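# Breakdown of the fold
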Amino acid sequence: MSEPRRSPGNQASLREANRGRVVSAVKRHGGLTQVELAGVTGLSPATVSNIVKELVATGALHATPSTSSGRRALRVTLPHGLGLVAGVHVSPRHLRLALSDLGGTVLAERHMPLARDHRADAELDKTALLIMDMVESIESTMDEVLSIGLAIAAPIDRRTGMTARGGILRGWDGIPLGQSLARRTDKPVQVDNSANLAALAEHRSGAARGRDTVVTLDVGNGIGAGLVLDGRLFRGHHGVAGEFGHTPVAPHGPICRCGNRGCLEAVAGAPAVLEGIRDEVGTLKLADLILRAMGGDQVCIRAVADAGHAIGTAAVGLCNVLDPERVVVTGEFARAGELLLGPMRHALESMLIVDADGTPDVVQGQLGEKAAVTGALALAIEAVDVTRPR
């Protein structure tokens, strides 16, 4: 029996879907040869070649002669000059912004501390002004900005665009964050949890690159998890997967900012750790704690190690369920390096059900405190339809 003939409408839909697969692959990887594009998209080399030729002609893609394994090849990238995107990361105490082209090249950055009880309305006003300032600093205009990615240190309900639970990032509850920033900038805004976007960035260009199943733990004032499963970011049914910091670990422990008692974050998050040693060393910031621990202060070393052991112990259940090949630790606390990672690794090795050969690597993120804002840029780039005429 012969294969049924495709209708012109079906063929057009298939061509459009294939173009989308090629463009998405270029966005994810930053640039690939046509042979590599065929490999990551599953399309035939001939199909990829035709699509690239078509999109280069329209200006949606750019192809330059290159070499691969000693042979001549065409390297396919997004062209310069298509436009700009902005990335924003709001954490409990910091605001970080970046401006990039669609190839991910960062052109301008801003960073500033935030007051302890900052509120969304004031900070979104400030964010809009800072984006305009970055655009002006590179002698461009807001007309060139095509999309904005917003990383928030709280779970985001994808159905509403609001924080999924009150109290986690106080002053930011009950507000449609993407719509609010979009009104201030007149640009489309994509919103996600900062741990998710840190995981996305580390998977695209950092310590998780080339790994299909990865848990990224974003550890600082809060503790979140970003989950990459089979090469894709997993957000869950409502978009709130990965709220690792609110895993109950101490039934009679301190009250967490989410309102529950004994969450991991209330035991091993930076504010809890700093409060736990205040009587011995006085009032410190997390950066001071890390510096003193790295300098040999035994009280600070013990505090960091205890936090690492608590996080590693809580991660055992997560790793038993997901069986990741790597655990990547990002966030400000990750700057402690092996003082934090060593106890985490020891807890995993001693409690996981797999043998030593099956224990996931535990490594420090490569993007540092810029991981979430880098992920926000990637989220913004993904939202841009480069095939649409401008």
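Structure: see above.
In this report, we go over the structure that sits alongside the text. (Residues numbered from 1 in each chain as written. Predicted model: local features only at pLDDT ≥ 70, side-chain atom pairs only at ≥ 80, totals over all residues. Heavy atoms only, no water.)

When helices and strands are tallied, the protein shows 13 helices and 15 strands. The globule rule puts the C-alpha radius of gyration for 390 residues at 21 Å, and the 23 Å found for the protein is close to it. With the C-alpha coordinates of the protein rotated into their principal frame, the extents come out at 75 × 50 × 40 Å. Counting only residues that meet the buried cut, the protein has 49% of its 390 residues in that class. (Helix = DSSP H or I, 4+ residues; strand = E, 2+ residues; numbered from the N terminus. Rg over C-alpha atoms; globule rule 2.2 N^0.38 Å. Buried < 20%, exposed > 50% of the residue type's maximum accessible area, 1.4 Å probe, protein only.)

Within the secondary structure layout, proline 65 lies in strand β2 (residues 62-68). The contacts of proline 65, once residues within four sequence positions are left out, are Ala73 and Leu74. (Contact = heavy atoms within 4.5 Å.)

This part covers a negative patch on the surface. Among the surface-exposed residues, Asp212, Asp230, Asp323 and Glu325 lie close enough to one another that they form a single negatively charged patch. Residue position: aspartate 230 is located in the loop between β12 (223-229) and β13 (232-234). (Patch = residues over 30% accessible without salt bridge, like charges linked within 9 Å, V, L, I, M, F, W, Y side chains within 5 Å. Areas by Shrake-Rupley, 256 points an atom, 1.4 Å probe, with all protein chains shown as cover. Salt bridge = Lys/Arg side-chain N within 4 Å of Asp/Glu carboxyl O. Lys, Arg positive; Asp, Glu negative; His and termini not counted. Charge placed at Lys NZ, Arg CZ, Asp CG, Glu CD.)

On to the pattern of salt bridges. The full count for this structure, using the stated rule, is 19 salt bridges. In this structure, the salt-bridge partner of arginine 19 is glutamate 16, at a minimum N-O distance of 2.5 Å. Taken together, the residues arginine 19 and glutamate 16, both in helix α1 (residues 8-29) and 3 residues apart, mark about one turn of the helix. Glutamate 16 gets classed as partly exposed once you look at its relative accessible area, which sits at 43%. Among the ionic pairs, glutamate 369 bridges to arginine 96, the shortest N-O distance being 3.4 Å.

For aspartate 133, the position within the fold is in helix α4 (residues 120-137). Along the backbone, aspartate 133 and aspartate 297 are 164 residues apart, and their C-alpha atoms lie at a distance of 42 Å.

Its location among the elements puts threonine 330 in strand β14 (residues 326-330). Threonine 330 has contacts with Ala198, Glu202, Thr216, Leu217, Asp218, Val219 and Gly365, leaving out every residue within four places of it along the chain.

Now for helix α6 (residues 194-205). Under the 1.5 Å per step criterion, the end-to-end length of α6 is 16 Å for 12 residues, consistent within 8% with the ideal 16 Å. Counting buried residues in α6 gives 11 out of 12 residues, a clear majority hidden from the surface. All buried positions along α6 are accounted for by Ser194, Ala195, Asn196, Leu197, Ala198, Ala199, Leu200, Ala201, Glu202, His203 and Arg204. The opening residue of α6 is asparagine 193, an N-cap whose side-chain oxygen sits 2.8 Å from the backbone nitrogen of alanine 195. (Expected span 1.5 Å × (residues − 1). Polar contact = N/O pair within 3.5 Å; in protein donor to acceptor, adjacent residues only side chain to side chain.)

Here the focus is the sheet that holds strand β10 (residues 189-193). Pairing is mixed in the open sheet, where 5 strands are placed in the order β6-β5-β4-β7-β10. The open sheet has two edge strands with one neighbour each: β6 (106-113) and β10. Mean inter-strand twist for the sheet, computed between neighbouring axes without regard to direction, equals 15°. Sheet analysis places strand β7 (residues 145-152) next to β10, joined by 5 bridges and oriented parallel. (Pairing = 2+ DSSP bridges. Axes fitted to C-alpha atoms, helices over the stretch in contact; angles between N-to-C directions.)

We now examine the sheet that holds β14. Hydrogen bonds between backbone groups are what pair the strands of a sheet, and the pairing can be parallel or antiparallel. The 5 strands are arranged β13-β12-β11-β14-β15 in an open sheet whose pairing can be described as mixed. Of all strands in the sheet, those with a lone pairing partner are β13 and β15 (361-364), marking the two edges. On average, adjacent strands in this sheet sit at an angle of 25° to one another, irrespective of strand direction. Both β12 and β13 contribute to a ladder of 3 bridges, which runs antiparallel. Bridging across to β13, leucine 227 finds its partner in phenylalanine 234. Relative to strand β11 (residues 214-219), helix α11 (residues 298-322) is tilted by about 155°, and along the sheet it contacts β11, β12 and β14. On top of the sheet, helix α12 (residues 338-351) reaches β11, β14 and β15; it is set at about 165° to β15, its chief contact.

Ranked by internal contacts, the top residues of the largest apolar core, which has 40 residues, are Leu217, Phe244, Leu289, Ile311, Phe333 and Leu340. At the level of elements, β11, β12, α7 (264-268), α8 (270-276), α10 (286-294), α11, β14 and α12 are the ones that each hand at least two residues to this core. Ranked by residues supplied to this core, first place goes to α11 with 10 residues. Apart from residues no more than four positions distant in its own chain, leucine 340 is found in contact with Val304, Ala307, Gly308, Val329, Phe333 and Ala334. (Core = buried A, V, L, I, M, F, W, Y, C linked by side-chain atoms within 4.5 Å.)

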